[in-house]
Amino acid sequence: DIYLTIDHRLQTLAYELTRPYERAAVVGISVKTGAVLCFLSRPQFDPNIFLGPVEKQLWNALITNPSKPFFNRVISSGYPPGSTFKPLVALSALNYGLVTSATTLNPCTGSLRYGNRTFKCWSVHGNVNLTQAIENSCNVYFYQLGMRFNLDSLTAFCRRWGLGQPTGIDIPGEISGNIPSREFLNRRYGQGKWTRGTLLNFAIGQGEILVTPIQLATLYAAIANNGFCYRPFVVARVESAGIVIDTIRLRRVNIPTNNMHLEQIKKALTRVVEYGTGYTARLEEITIAGKTGTAQNPPRPDHAWFVGYAPAEAPEVVFTVIIENAGHGGAIAAPIVRELIRAYFSYDNKSH
């Protein structure tokens, strides 16, 4: 008998909240243990059909479905993280002494001209510091951060925080995502043919950067935990004839970090939900910290992201939601995380 960590109430709620969307992924994990409480990939299929012969018509419908119901989007699909990546960029900038949380750069006028290209922002933010740039998700501020970075130092920092490599979850099929190295860019564009404009894209989570929903959940768990996280897992224990023959052994991952810098990022993530682009995730009774993301996916519509953990002051749980081709993360994904967090804290006798 295999006992899972999945909370069927959260799983059912995630299913209902994402019902309007064709392609989506939702994952929730315990910040304190890494136990996966919710794990959903849309579109789904009913595994019970494999208990007997599968009708040819049904099988053909499943394998020809362009949305790929057999594809596990939580661990096997790499997406541009969009603005959910900005807090890590900001933490890296603080780590390397490029800015402080109070640093202001050139005002945001809605775009930035760099070389022969115009890099756009979603609004006009004027003068903002690092905290306000995260709160309001100002692209122009992060483009300017991108100009200050060395590619190698940024990619090294991202890998230190677990991106570009599997989390080690106990489900087969997990991919590494992609944190582009200098060698990767040289192979893709030719030796030395890529420009520093690439870093402007990376700074807002676009370009060749790819992450999985489970990676983002684990990353934000590490932020919530002040620099450590646990390997995510779905198998709690295995029993035979009522005797426990295997139990999960928690695997803690420690990330060296500056606690003062991390507190500044956590403060900004709280402000995102209380006052900024993630306001639709706000709850009166629980303080949520998180980040919206609207990831470009040309020529199709943007992907909507939100990652949030709660309570902000003593985190217990983190949820990641991505809705493919649905638009803005604040409008689409943030309310789903809000309802999942509300439900988590409304259940009595939480076991994780």
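For the structure, check the block above.
All of these numbers come straight from a predicted model, not from anything done at the bench. (Residues numbered from 1 in each chain as written. Predicted model: local features only at pLDDT ≥ 70, side-chain atom pairs only at ≥ 80, totals over all residues. Heavy atoms only, no water.)

Draft legend 1. Region of the structure containing the pattern of salt bridges. All told, the structure shown has 15 salt bridges when counted by the stated rule. Between Arg237 and Glu239 there is a salt bridge, with its nearest N and O atoms 2.8 Å apart. Here Glu339 and Arg342 are joined by a salt bridge, their closest N and O atoms 3.1 Å apart. Placement of both Glu339 and Arg342 in helix H13 (residues 334–346) is noted, with a separation of three residues, approximately one turn of the helix. The exposure class assigned to Arg342 is partly exposed, which follows from its relative accessible area of 34%. A network of salt bridges, in which partner residues are shared, links Glu285, Arg338, Glu339 and Arg342. (Salt bridge = Lys/Arg side-chain N within 4 Å of Asp/Glu carboxyl O. Helix = DSSP H or I, 4+ residues; strand = E, 2+ residues; numbered from the N terminus. Buried < 20%, exposed > 50% of the residue type's maximum accessible area, 1.4 Å probe, protein only.)

Draft legend 2. Quick peek at the packing of helix H4 (residues 86–95) against helix H11 (residues 259–274). Orientation of H4 relative to H11, taken along the N-to-C sense of each, is 150 degrees, at an axis distance of 10 Å. Relative to H11, H4 is oriented roughly antiparallel. In terms of crossing hand, the pair formed by H4 and H11 is right-handed. Across the interface between the two elements, Pro87, Ala90, Leu91, Leu94 and Asn95 of H4 pack against His261, Leu262, Gln264, Ile265 and Leu269 of H11. (Axes fitted to C-alpha atoms, helices over the stretch in contact; angles between N-to-C directions. Parallel < 35°, antiparallel > 145°, perpendicular 65-115°, else oblique. Left-handed = near helix turned anticlockwise from the far one by under 90°. Contact = heavy atoms within 4.5 Å.)

Draft legend 3. Just the side chain of Thr212, in detail. With respect to the secondary-structure elements, Thr212 resides in the loop between helix H9 (197–203) and helix H10 (213–224). Residue Thr212 is classed as buried on the basis of its relative accessible area, which comes to 0%. Apart from residues no more than four positions distant in its own chain, Thr212 is found in contact with Val74, Ile75, Ser77 and Ile175.

Draft legend 4. Highlighting the sheet that holds strand S8 (residues 243–247). Ordered in space as S1-S7-S8, the three strands form an open sheet in which the pairing is antiparallel. With partners counted over all chains shown, the strands left at the sheet margins are strand S1 (2–4) and S8, one partner each. Recorded for the sheet is a direction-independent mean angle of 30 degrees between the axes of neighbouring strands. Relative to strand S7 (residues 235–240), S1 runs antiparallel, the two being bridged by three bridges. Within S7, the position partnered with Leu4 by the bridge is Val235. (Pairing = 2+ DSSP bridges.)

Draft legend 5. Representation of the packing of aromatic side chains in the model. The full count for this structure, using the stated rule, is 13 aromatic pairs. Taking the centre distance of 6.3 Å and the plane angle of 45 degrees together, the rings of Phe50 and Phe70 count as tilted. Within this pair, whereas Phe50 is found in the loop between strand S3 (36–42) and helix H2 (56–64), its partner Phe70 is found in the loop between H2 and helix H3 (73–76), the two being separated by 20 residues in sequence. An angle of 35 degrees between the planes, with centres 6.3 Å apart, marks the rings of Phe157 and Trp161 as tilted. Assigned by exposure class, Phe157 and Trp161 land together as buried. Put simply, the rings of Phe45, Phe50, Trp59 and Phe70 pair up and form one aromatic cluster. Lying across the ring of Tyr15, Arg42 places its NZ or CZ 4.4 Å from the centre. (Phe/Tyr/Trp six-rings, centres within 6.5 Å; stacked < 30°, edge-to-face > 60°. Lys NZ or Arg CZ within 6 Å of the ring centre and 35° of its normal.)

Draft legend 6. Spatial organisation of unusual backbone geometry. Omega for the bond connecting Arg42 with Pro43 falls within 30 degrees of zero, at 0 degrees, which places this linkage in the cis form. Structurally, Pro43 is set in the loop between S3 and H2. Along the chain, Pro298 connects to Pro299 via a cis peptide bond; the corresponding omega equals 5 degrees. Counting through the fold element by element, Pro299 comes out in the loop between strand S10 (289–297) and strand S11 (300–310). The backbone of Ser137 shows a phi angle near 55 degrees, a positive value even though the residue is not glycine.

Interpretation note: all reported values are geometric properties and have no functional meaning in isolation.
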